[in-house]
Amino acid sequence: MCGICGFAGPGDASVLEAMNRRQAHRGPDGQGSYHFAPARLFMAHNRLAIVDLAGGAQPMATADDRLTITFNGEIYNHAELRRELEGLGHRFLTDHCDTEVLLHGYSEWGTRLPERLNGMWAFALHDRARNQLFLSRDRFGKKPLFTAARPGLFAFASELSALMEHPAIPTDISHMALKKYFAYGFIPAPHSLYSAARKLPAGHNLMVDLADLSTRLTRYWSFCVEPDPVVQKKPEAYWGEAIRDTLERAVVRRLMSDVPLGVFLSGGIDSTSVTALASRHVTGLKTFSIGFEEASFDESAHSLRAAALYGTTHHQNTLSLTTALSLLPELAARLDEPMGDSSLLPTYLLCRDTRAHVTVALGGDGADELFAGYATFKALRAAEAYAALCPKPMHKALCLVAARMPVSHGYMTMGYKVKRFLQGVAGPNRLWNPLWLAPASREELEELFSEPCDQEEVYQEAIEAWEECPSRDLVDKTLEFYTRFYMQDGILVKVDRASMLNALEVRAPYLDIEMVDLARRIPHAYKLRHGQTKYILKKALEPLMPKDILYRSKQGFGAPVGLWFQQGRLNLPEAEGFASPSPLAGLNAGFAAATALEHRQGRADHRLLLWNLWMLARHQGRSAPA
């Protein structure tokens, strides 16, 4: 796991050094650079050494110097690919370095290389013979890659802040990106906070012709639900065995490491399943979790019990309000872009604590998206019936009634769920999921930006994920929304930033390509059954885990920010925070202040919108003391 950056065009070694230094936290174990004068090409690398500690320095070149690469990630099938390439006549200089496999793989298969990879990656590869720069990002975008294409300049970096160190890239804020931030709680690819910068979308390659710096974007992979029509005699037993076997192989692949390794363990289904399987192959496995002082957010008892069941050496910390307030300013300021997911805070603390003991951690990301684990899956049929039977005037009346429900800042209270449900079903079904998750409703977006909100434009990415699903079923379409969109641009970005700010590599067995191919073939009737989310995954894991862990109520990984705003422990920026040149300029400061007051007085729950405003202000260094 590392940080990469580079550019072709104006600039010199000092610009490259500034870019690389800005993301040095991603790779504290070594730095390297590469310069090819004929193309005015510079590339650099910060290394977090995980595999082949002695032989993995980068940028790395082939023996004939034709190909040079700077690479961030891990390729879990690199040993198999190495054997195949050796059989084709390739000769390797390193002992077991996955970076060198990419070089020889590109030499053999060219731009088809990413299709053969099982892992996570973002890399830039210079082909001297063709005078080209080839960039690629893994299927789910676990590893970030930002780019900027200007007349006479092409630049790239693992982090937006590093990219913006190049003096030729303008720093004006994207108005549409800000709207999407308040609509989603994150800024989706290909957008970025800055108008001049783009994110390379997951599952895409980008070819740059170094002669004229023209670019060609191609998609090599996209998640697609394709249920297997074959009816097995005992489908639950068949799918269950396949899930157990495939998941174990995925976990074993991710135990590949030349440095200490552990597992995140919340005590929920996903992390406990990874722990159960990893403990079969690792003696003295280390596990890590975070608890909360607020009882409705706390899972400490479950993680301790799971650790005891599998005999792990468990490390647990508690996120107190004092700790949160001490971490938040630094965390928000160090982010590439503001993020509206409050679980960023405990995830950051979890990664910081974990890094004190190990360099690599396995987590459970991906299971909820692949196996229909979110509460919104259970709301789909109710929403369908509601939309068909409830006229608009009645809907408005119900919203007024719901607004009078008592406000509680506990985790997923009934009042919170009712209000979220009504917010979502106000739109067509293609907007249900993004509206259920949205920090701001359409009306709030219009108030905040003081202009009309075109939902088709603001929610374009979510609509595309919904409509490109070949199935007409609501569950299948929602699976594609969460897996293709929400996970890629929200969950995985959060995990990458929280982990790499602490120089920790996090691996996701559920996102192994073999596991993904299996999950997308399982009919949704086995994922959501009689209101039971993740049904087939739970059945599959029964031989590995006790039922009270498997079938307990789902607990998300959030923070009680609503309570903190209500108590006045977090405060919105003062009025000057909404003045130029802040990106808050142009936003309705009066509306923001009224929203904060309404929340403070307990008349409404605006936790998501307030958190998004707070993070944006802190990200720009303009907020009142917490």
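Computed from a predicted structure; not experimentally measured.

(A) A look at the state of the cysteines. Evaluation of the coordinates by the stated rule reveals 0 disulfides. Just so you know, Cys2 is unpaired, no disulfide at all, and the nearest cysteine sulfur is the one on Cys97, 9.6 Å from it. As a non-bridged cysteine, Cys5 has Cys2 as the owner of its nearest cysteine sulfur, 12 Å distant.

(B) A look at the packing of aromatic side chains. A complete count under the given rule lists 23 aromatic pairs for this structure. Here Tyr106 and Phe134 contribute two aromatic rings whose centre-to-centre distance is 5.3 Å and whose plane-to-plane angle is 35°, an arrangement assigned as tilted. Here Tyr106 is found in helix α3 (residues 98-109), whereas its partner Phe134 is found in strand β7 (residues 132-137), with 28 residues between them in sequence. Ring plane angle 75° and centroid distance 6.0 Å describe the contact between Phe182 and Phe449, whose orientation is recorded as edge-to-face. One end of the pair, Phe182, is in helix α5 (residues 175-184); the other, Phe449, is in helix α16 (residues 442-449), with 267 residues separating them in the sequence. For Phe182, a relative accessible area of 0% gives the class buried. Owing to a relative accessible area of 4%, Phe449 belongs among the buried residues under this scheme.

(C) Expanded view of the sheet that holds strand β11 (residues 204-209). Taking strand neighbours across the sheet as the criterion, the 6 strands line up as β4-β5-β6-β7-β11-β12 in an open arrangement whose pairing is antiparallel. Looking at which strands have only one partner, the edges of the open sheet turn out to be β4 (60-61) and β12 (214-219). Sheet strands in contact with α3 are β4, β5 (67-75), β6 (119-127), β7 and β11, and its direction is about 125° off that of β5.

(D) Local environment of the pairing of β5. The buried fraction of β5 is high, at 9 of 9 residues. Bridge analysis of β4 against β5 gives 2 bridges, and the strand direction is antiparallel. Directly across from Ala61, in β5, lies its bridge partner Thr68. A loop of 5 residues connects β4 with β5, the two strands running antiparallel in sequence, and Asp65 in this loop sits at a positive phi of about 65°. As judged from the 9 bridges shared by β5 and β6, these two strands associate in the antiparallel manner. Bridge assignment links Ile69 to a residue of β6, and that residue is Leu125.

(E) Examining the packing of helix α10 (residues 344-355) against helix α19 (residues 474-500) more closely. Running from N to C, α10 and α19 cross one another at 40°; their axes reach a closest spacing of 8 Å. In terms of axis orientation, α10 runs oblique to α19. Here the hand of the crossing between α10 and α19 comes out right-handed. Contacts between α10 and α19 involve Leu344, Thr347, Tyr348 and Cys351 from the first element and Lys494, Ala498 and Ser499 from the second.

Procedures and definitions
Residues numbered from 1 in each chain as written. Predicted model: local features only at pLDDT ≥ 70, side-chain atom pairs only at ≥ 80, totals over all residues. Heavy atoms only, no water. Disulfide = S-S within 2.5 Å. Phe/Tyr/Trp six-rings, centres within 6.5 Å; stacked < 30°, edge-to-face > 60°. Helix = DSSP H or I, 4+ residues; strand = E, 2+ residues; numbered from the N terminus. Buried < 20%, exposed > 50% of the residue type's maximum accessible area, 1.4 Å probe, protein only. Pairing = 2+ DSSP bridges. Contact = heavy atoms within 4.5 Å. Axes fitted to C-alpha atoms, helices over the stretch in contact; angles between N-to-C directions. Parallel < 35°, antiparallel > 145°, perpendicular 65-115°, else oblique. Left-handed = near helix turned anticlockwise from the far one by under 90°.

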